[in-house]
Each structure stands twice: as C-alpha cells, then as structure tokens.
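# Coordinate analysis (summary)
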Amino acid sequence: MSYSYNDLLNAIITSRQSHPATIDESLSHYGVFSEKCSMTPLLWIQYAQDSRLIDAELAKEIIQLGLEEFPGCVFLWLYYLDCTKDWAVWEQAMQNIKGLQGSFMIEIYRLAIKCFPSKAEELFIERATMLSVGNETIVDEIETVVGDSKKTNGNGIISKEVLMQAVDEGRRFASQHMIKLNNLEEDLVAAMTNEGIYGQSTIELHDFVKNNDGDGSSGNEMTYDWESVLKALGGISGSFLMGMGMMQSASAFISYEQQIFKHITFLKRQMKTPQSDQTENLNVGNLVKLYHGLIVPVYERAVSECPTVELVWEKYLKHLSYILHDSETESADRIWALVKLKSVASRAVNNCPYSVNLFTKKLQAVMEEVEAGRKVLEPDDLMNIVTEAIEAGFLPDKNSELKMYLAACRIVKQRILDLVSQSTSSIAYDQPERIDKDSKKKRKRGEDVELKRYTEPLDSDIEQEVQDLITDLREMWNATDTFLRKKCSNWTEGRQLLFTEIAETEAYICHPLFANDVNGDEIIKLFEKLVRVHLPPHPNSWRSYIQYIIGKAFVRIDPKGTNNIITETPGMHVAKFRFIRNLYQRAFASLRNANKNEKYTNVNDGYEVAVNLMCQENIQFETKFGSDTSLITASKLAAKRVSQQTNVTEHISSEGLIDISNNSSAKRKFEEADNVEYTDEDKTDSEVHSLKKLKSD
C-alpha cells in the first residue's frame, strides 16, 4: 500500500521531541517507518543511537540492517566500528569502502588505529597509500602513536624508520595514482554542496572525540559523542544522508564511475604496448585491479546519497550485469555478481517503487539465477514481483501496471526458447546463426551433427518443462486479462496490447512447438479477437494479423482417416492472396471510423506512422501480387486515408508504386475503382458502413 514519507518521518521527529523520556514510542515509529519504506543512512544511525539508550546489542543489530541496505556509506561503518571495536568489522568495512576518498575515510582510519594499536603500522601504511588527501598530519600522528618504540604486529618487528619509509612510499604512490580520484572527488563535493547534502564540510569529526576512562579501556581509546555529532549535522530533520541527493549529485557520481572505467581501459591498453616489460605490466595489472575494485564502492556510495534517483540504480545494475557476463570474470566473481545483482535489484525497487524499469530489472535478476542453474523458473516468483509493484501503489499509471505483467510474461517466453535451444543446439538462443542453403557446399567439421540435432525430438524432461511453462504462460495471460477487466474495465486499448502479445506468441512460439490444431484456426480466432477488442483497432494489429497470414501454410488432414497431413494445395495457396486482400480492405474500413481527435496513449503510440506503413505495404502487395484494378483500389484506399498528410501522393509515387499525375490510363482505372464491389462477409457492421461510405465519397 502507498504511504506518505513525510508523515512517517514527522511521526519520528515529533515523538523524539515531545516524549524524550518514553523512548519506546520513538522506536515503534522507527519500526513502522522501516516496514513501509526504505530508511536512509542517517535514520538508521539515529534509530541505533536511540536504541543504544536501552540495549547496546540492539543498536548493533539495527546498524547491521542499515549496512545491508547501504554498504557503501562510510559514515555508517564509522558508527558501527565505534560500537563494536571489532577487527572483523574493520575488515568487512574495507571490503565495501576501501579506496573511497573524503574526510570520513581519514576519520575511520584514525578510529581503527586507536581501536587496534597492534595493527597501527599496517593501518598507517594503508592510509598513506589509499588516500591522496588528508595525510598532511600523518607524520605527527605516527609520532604520537608509535613514538620511538618498536612495534610487533602480524608481519614481525617494524622499526619507526622502516615504518616512515613505507609511509613515504605509500604517499608517493597515492600522489601518482590516487590523485585522479581526488580530482573526481572535488567535482563530486561541488555537486553535493550545491544540493546541500555534503556533511563533511559542516563538521570536523575529531572535534567530537571523547575519552572513555571508565569503560575498562586504556583511557585513550577513541569514542565519538554521537548525539552531538548528529545534532551538528542537522539530525533527521536535516539533509545530510537523508536521501535528498538529486540529479546533480547523481550525475557527478555517474561521471566519477565513468572516468574510473576509462582509466582502466587506458591502463589495459598500456599493458599491451610492445615497450612494456613484465614488471611494469605487473604493476599496471595491480592498478587495474585496484580501480576495478573501486567501481562498486562508488556506486554504493552513490545510492546512499541519492537513493531515490532511478538512473543511479540502473547504471549500477548494468555494471553488475557486465561483470556477470564478462568473459574475463572468474567463477567466484561471477557468483558474487549474481548474488549482488539480486540484492541490488531488491534494494532499488524499495527506494524507487515508482520505477517500472527497476521492477523489470528485478524480474530479469530471477532469470539470471535460472540461467546460472541456481534455481528452476517458477512463474509464481515473477507474479509475486508484479503484485509487489502494483500493490505498492506508486506505479504512475495503468500503462505501467500492464507493462509489469507483460515483462513477467516475456521472461517466461524467453525461458521457453532458451530451453528448446539448449536441448537442440550448441548455440545460445540469443546468438545469430547462418542459414546454409547450399547442400553441396562442404561443411565444417561437426556441422552435420549440429543440423541433425534440430530434427530430433526434445528430451522428455525438457519437453515436459516447456509444456509446463506454456501452460503457466497462458495462466499469466488470463491473470493479466482478469486484472484489466476488473481494474480498467473500459481500457480496451490495454487489452488490445495484451491480445497482440497473446496472438503473436501463440502463432510463432506456442503453436509451432506443440500444435494440435494443424490449420491454426485457433490462432486466426486470436487475431480476429485482437482486431475487434478495441475500436478503432490500431493499424499494427492489422499488420500483425496480415503478417501471420502471409507466412502461414494452409494444410489439411487426409480425408481417408490416416491422419497424414497433406501439404498446401495450389488452390489454397492462391486463395491466401485473396485472404490478405480482404484483410487489408477490412483494415481500411475500420480505420475510417477513427476519430481524428482521438489520441492513443503511449502504450500504442505511432498511430499515423503505422497507418502510412500499412498503406505502403498494401500498395507493395498489390504491385507484386495483384492486378491493375486491385492496385488502383489499394492506391485509392491509401490516398483517401492519408489525404490530410503532406506529400503523401509524392511519397507513394517516389516509391515507384503508382504515379497517376501524367497517366490517363491510370487515372481512368483510378476512377473505375469507384465501381469495385466489396462483400460484407466477415465484416462488422461498422466495417460494412465504412466501406459503403468510402464508395460514396
């Protein structure tokens, strides 16, 4: 069900201000908020901070939920590390934010050094290497933490001299290779500052450090005064990390990622130059790996700042799909990308419940799992996502709701084709394949075997799965039709689009795979239903119907009862041209009823373009297969239908189809077309009336 974000947020703010002593009421409002919509990073921190007054462990659990939603938010990791003082938390944080820039990254390194003094040396070195800005005071900090003593860590004994040398090398590396990130960070900061969401410029976190002398620590362990920090940042009433980033910040993040990817491409080209040696390639390869590892953290940081911007999520999902299908991706990384894709798609629709594109991406993530062999496609899973999208109440219109149903049907249709292709060919369904008509041409090794596989029946298990999916697909169509009848009973244009999908899929996929109806009478009934469900029917509905008849072979069963199929007879083959001519005439008759002021919605746009295409196709058909009389009739029907459009006659003439400007014979035949009689068979009353009116005109 839909909700009001502002009402939910104001309920939390009011409860915190009005009843500071009854924290349970505030926590209940947080719970209601998180059930109905996605929380922002600062809301998660405030939720955890309020919970900390009651139960410190509960606060940790809450912040873990926040990190599942926004694993690229440095501020969330800073708070969580301060709560736990756990080295495992630090390692987990670095898997998600390592390489990001900014003052909060400096603070999280400082906090880690204070929390884990035995790891101070390696943390100083890593900080010097990964941060291009913010290390101006690192020498003084080393003096304070390390002093003149020798420290023992996991790598052995490191003297102060060796440590300073390693830090200097790290700073040189950062100034050479990480400075590019600093330039991108400056552009990002400018965009976020313009939108008023950049909190780092508001405070200096080290000003809020306090000592916890009574907590059993050594007395110098760092802990922030989080209440003061949140208050200084504006709290949940402010704009910092409250999901208020818009297109300017989103564009800066996307540019950030694109520049990183361009730099990766440059480094890869550099590795391929003849002048590069093995050692240099190794160093460049490490840089490529470093920059590759930055792209996902940048996207995660982007969605923590701009969670309601659809474009950011789309770009992020596109990148994960790239990793998943890249031939260079290792098996472990491919599995990671698949799991991440599903997770990000779910988070995307939680933050942008209005987006049909993102819900479609979530449907496609299910298909990715199926193709990877991790699950069997269950259409119920797809329909659950459709129901989730519609019942949320944020889809903009009925077109969007219908698109969700059709997107789910398309996934099932794709799976049917994939299964048949995998069972009969070594070539993936979405790959091109050459048509080899020359039987005398010498084939490559293995091609004979490949061609024979096409004629073999499907494996029994595959056949059963395909049949089950076809049954499921038809049930999904019925569910869609029921939805349209109940919720949009007068919206026949939407049902026209659904029936187009049904007729074409049955004609070209379901019926050819498992056909009990040899002559395809059921398919013709579906197309007849298509051109009658909405008046006036869209020209593309007629064009789809005609295209099917053009490619259809009319066959019959042996009347002697042997059940042998007799191929198309000469008479039936020629009759097919008359069938097509009748369909064109019926189409023009129905189009004559179109209200000139009627505007098709974007679900069936391009009405006039489709009319023009149908006119041209009709004339081309009669030019190739008709007589002079039928050609003139087709030309007159076309000219009268589009006479209000500019240069229609010239356009028709330029195609070389018919030119009546200086041809008296053609003019005479054009006039004689007024006497052509049309039969009323298989026409609706409106079509008969329109054809009679056409003759009277």
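Shown above is the structure to which this text applies.
Residues numbered from 1 in each chain as written. Predicted model: local features only at pLDDT ≥ 70, side-chain atom pairs only at ≥ 80, totals over all residues. Heavy atoms only, no water.

### Examining a nonpolar patch on the surface
Taken together, the side chains of M246, M247 and L311 define a hydrophobic patch exposed on the protein surface, amounting to about 260 Å² of accessible area. Note that M246 resides in the loop between helix 11 (226-232) and helix 12 (247-271). For M246, a relative accessible area of 46% corresponds to the partly exposed category. (Patch = residues over 30% accessible without salt bridge, like charges linked within 9 Å, V, L, I, M, F, W, Y side chains within 5 Å. Areas by Shrake-Rupley, 256 points an atom, 1.4 Å probe, with all protein chains shown as cover. Salt bridge = Lys/Arg side-chain N within 4 Å of Asp/Glu carboxyl O. Helix = DSSP H or I, 4+ residues; strand = E, 2+ residues; numbered from the N terminus. Buried < 20%, exposed > 50% of the residue type's maximum accessible area, 1.4 Å probe, protein only.)

### Focus on the packing of aromatic side chains
Remark: the centre distance and the inter-plane angle together describe each pair of aromatic rings, the angle taken between the planes. Across all of its chains, the model carries 23 aromatic pairs by this definition. Here F75 and F240 contribute two aromatic rings whose centre-to-centre distance is 5.4 Å and whose plane-to-plane angle is 80°, an arrangement assigned as edge-to-face. Within this pair, whereas F75 is found in helix 5 (residues 74-84), its partner F240 is found in the loop between helix 11 and helix 12, the two being separated by 165 residues in sequence. Aromatic ring contacts, followed pair by pair, group F75, Y79, F104, Y224, W226 and F240 into a single cluster. Across the ring face of W87, the terminal group of K119 is positioned such that the distance to the ring centre comes to 5.0 Å. (Phe/Tyr/Trp six-rings, centres within 6.5 Å; stacked < 30°, edge-to-face > 60°. Lys NZ or Arg CZ within 6 Å of the ring centre and 35° of its normal.)

### Looking at unusual backbone geometry
Omega for the bond connecting L535 with P536 falls within 30 degrees of zero, at -5°, which places this linkage in the cis form. Positionally, P536 belongs in the loop between helix 22 (521-533) and helix 23 (539-551). Of note, K85 is a non-glycine position whose phi angle comes to about 50°, a positive value. With respect to the helices and strands, K85 occurs in the loop between helix 5 and helix 6 (87-97). The backbone of L241 sits at a positive phi, close to 50°, despite the residue not being glycine. Take L241: it is sitting in the loop between helix 11 and helix 12. For L241, a relative accessible area of 3% corresponds to the buried category.

### Thoughts on the environment of S400
Mapped onto the secondary structure, S400 falls in helix 18 (residues 398-424). In contact with S400, not counting residues within four places along its chain, are V356 and L395. (Contact = heavy atoms within 4.5 Å.)

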